[in-house]
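# Tertiary structure, described
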Amino acid sequence: MKIGVSSYSFSQYIKSGKLTQLTAVAKAKELGFDAIEFTELMPPEGVSQAEYAKQIKAEANKCSIEISAYLVGANLAQKDNSAEIERLKASLDVANALGAKLFRHDVMYGYDVFRSFDQALPALVAAIREVTEYAQTLGIQTMTENHGYICQDSDRVERLVNAVNHPNFGTLVDMGNFLCADEDSAKAVSKVANLAFLVHAKDFVKISFADRKNDEGYFETRGCNCLKGTTVGQGIVPVAQCLAILKRAGFDGFVDVEFEGTEDCATALSEGLAFLRTII
């Protein structure tokens, strides 16, 4: 396995102006990561996403660091999702310019149109197949992530991937995100490990619903518990166990750190990387 980092993990520095997505490449290399993934590109004024992607690719080549994936949001649970499908195809063109061979898109965020996940499933499947078939022509594999509260449980992710039933479509397994649906991370990872194209190492601290008194800085899970991001290896996610499960399933790809805590991001990423090096 190779250890990467998400550009999202540098959000503190990017928001403050200390870094940009472009300069985050060298920072990731400086910290010792093997790769960096990017969430939706935010180019400077006057620069297109495609051109910014080329700049980032050139910088990654200069720094001798790989680009593991490109990640975007998406809501395919619409009565007419044709515009969203075309937007994802355009995002795949950006991923191609970036040199990323893995592309994650979300599938739905709420029940605005459909009353249940099962009711939305046929529309999701048809759209995902169209997107992944286009991606395949570019040599890019597509994935969904256990993300967005609705399609977040391991059984729903598994059902979705099985329903799409396309070899070019799999899942980004985020070991921390299962907690957002109040699911045990190790048990959840064991259900979908064989479908993994990419892995996120993430950690949280938790306050249960019964203990909610001072939950400032936390966010709610689907079941009204509370979570807050922290340095990988310092929270409640059984990171080593999840990686052992993935390794047993034959996964040997990128494990990208996604940090969402309030600690200094460079320090947290350095500490998280050191922890991962001891268990991978």
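The present account deals with the structure reproduced in this document. Since this is a predicted model, take the numbers as computed values, not measurements. (Residues numbered from 1 in each chain as written. Predicted model: local features only at pLDDT ≥ 70, side-chain atom pairs only at ≥ 80, totals over all residues. Heavy atoms only, no water.)

### Description of the sheet that holds strand 8 (residues 203-207)
Formally: Note: two strands are recorded as paired if DSSP finds a minimum of 2 bridges between them. Helix and strand assignments come from DSSP, with helices taken as H or I runs of at least 4 residues and strands as E runs of at least 2, each series counted from the N terminus.
Taken in spatial order, the three strands of this open sheet run 8-10-9, and their pairing is antiparallel. At either margin of the open sheet sits one strand with a lone partner, and together these are strand 8 and strand 9 (219-220). Inspection of the sheet shows strand 8 paired to strand 10 (residues 226-230) by five bridges, in the antiparallel sense. Opposite isoleucine 207, over in strand 10, you have cysteine 226 as the bridge partner.

### Section: the side chain of threonine 221
Selection criterion: Accessibility here uses a 1.4 Å probe with only protein chains present; expressed as a share of the type maximum, an area under 20% marks a residue as buried, one over 50% as exposed, and anything in between as partly exposed. We call two residues in contact whenever any of their non-hydrogen atoms come within 4.5 Å of each other.
Tracing the backbone shows threonine 221 in the loop between strand 9 and strand 10. Using a relative accessible area of 5% as the deciding quantity, one classes threonine 221 as buried. Every residue in contact with threonine 221, bar those within four places of it in the chain, is listed here: Tyr149, Leu179, Cys180, Asp182, Cys226 and Leu227.

### Some points on the sheet that holds strand 3 (residues 66-72)
For the record, the criterion: All axes here are fitted lines through C-alpha atoms, helices being fitted over the stretch that makes contact, and every angle between N-to-C directions spans 0 to 180 degrees.
Ordered by their spatial adjacency, eight strands build a closed barrel running 1-2-3-4-5-6-7-11, and the pairing between neighbours is parallel. Between one strand and the next, the sheet's axes are offset by a mean angle of 30 degrees, whatever the strand orientation. By the bridge criterion, four bridges tie strand 5 (residues 141-145) to strand 6 (residues 169-174) in an arrangement that is parallel. Looking at the pairing, threonine 142 lines up with phenylalanine 169 of strand 6. Its contacts with the sheet put helix 6 (residues 154-164) on strand 5 and strand 6, and the angle it makes with strand 6 is roughly 165 degrees.

### Some words on helix 2 (residues 24-31)
Basically, it comes down to this: It is the directions from the helix axis to the C-beta atoms whose arc is reported.
Among all positions in helix 2, only Ala24, Val25, Lys27, Ala28 and Leu31 are buried. The buried residues of helix 2 occupy an angular sector of 165 degrees when projected down its axis, which confines them to one face. Structurally, helix 2 contributes buried residues whose contacts are with strand 1 (2-6), strand 2 (35-39), helix 3 (49-63) and helix 9 (265-279).

### Things to note about the packing of aromatic side chains
The geometry of an aromatic ring pair is captured by two quantities: the separation of the ring centres and the angle between the planes. Going by this rule: Stacked, tilted and edge-to-face are the three classes applied to pairs of Phe, Tyr and Trp rings, where Trp contributes its six-membered ring and a pair requires centres within 6.5 Å; stacked means planes under 30 degrees apart, edge-to-face means over 60, and tilted covers the rest. The rule for a charge over a ring is simple: NZ of Lys or CZ of Arg within 6 Å of the ring centre, and within 35 degrees of the ring normal.
Summed over the entire model, instances satisfying the criterion amount to two aromatic pairs. Pairing tyrosine 70 with phenylalanine 103 gives two aromatic rings, centres 6.3 Å apart and planes at 45 degrees, and the pair type is tilted. Taken together, the residues tyrosine 70 in strand 3 and phenylalanine 103 in strand 4 (residues 102-105) connect sequence positions 33 residues apart. Note on accessibility: tyrosine 70 and phenylalanine 103 belong to one class, buried. Between phenylalanine 204 and phenylalanine 219, the ring centres sit 5.7 Å apart and the planes meet at 70 degrees, which makes this aromatic pair edge-to-face. Linking phenylalanine 204 in strand 8 with phenylalanine 219 in strand 9, this pair joins segments that are 15 residues apart in sequence. For phenylalanine 219, a relative accessible area of 29% corresponds to the partly exposed category. The ring of tyrosine 13 carries lysine 18 above its face, with NZ or CZ at 4.2 Å from the centroid.

### Considering unusual backbone geometry
Despite not being glycine, tyrosine 149 shows a phi value in the positive range, around 70 degrees. Accessibility expressed as a relative area gives 34% for tyrosine 149, which makes it partly exposed. Residues other than glycine seldom take positive phi values, yet asparagine 165 does so here, at roughly 50 degrees. Residue position: asparagine 165 is located in the loop between helix 6 and strand 6.

### Things to note about the nonpolar core
Rules: Buried Ala, Val, Leu, Ile, Met, Phe, Trp, Tyr and Cys residues form a nonpolar core when they are joined through side-chain atoms within 4.5 Å.
Of all hydrophobic cores here, the largest spans 88 residues; its most connected members are Phe10, Phe38, Tyr70, Leu124, Leu160 and Met175. For this core, the leading source of residues is helix 5 (residues 117-137), giving nine residues. Apart from residues no more than four positions distant in its own chain, methionine 175 is found in contact with Ser185, Val189, Val199, His200, Ala201, Lys202, Val237, Val239, Cys242 and Leu243. Ranked by size, the runner-up nonpolar core spans nine residues in total, among them Leu71, Met143, Leu172 and Leu198.

Don't take any of this as a statement about function, it's just geometry.
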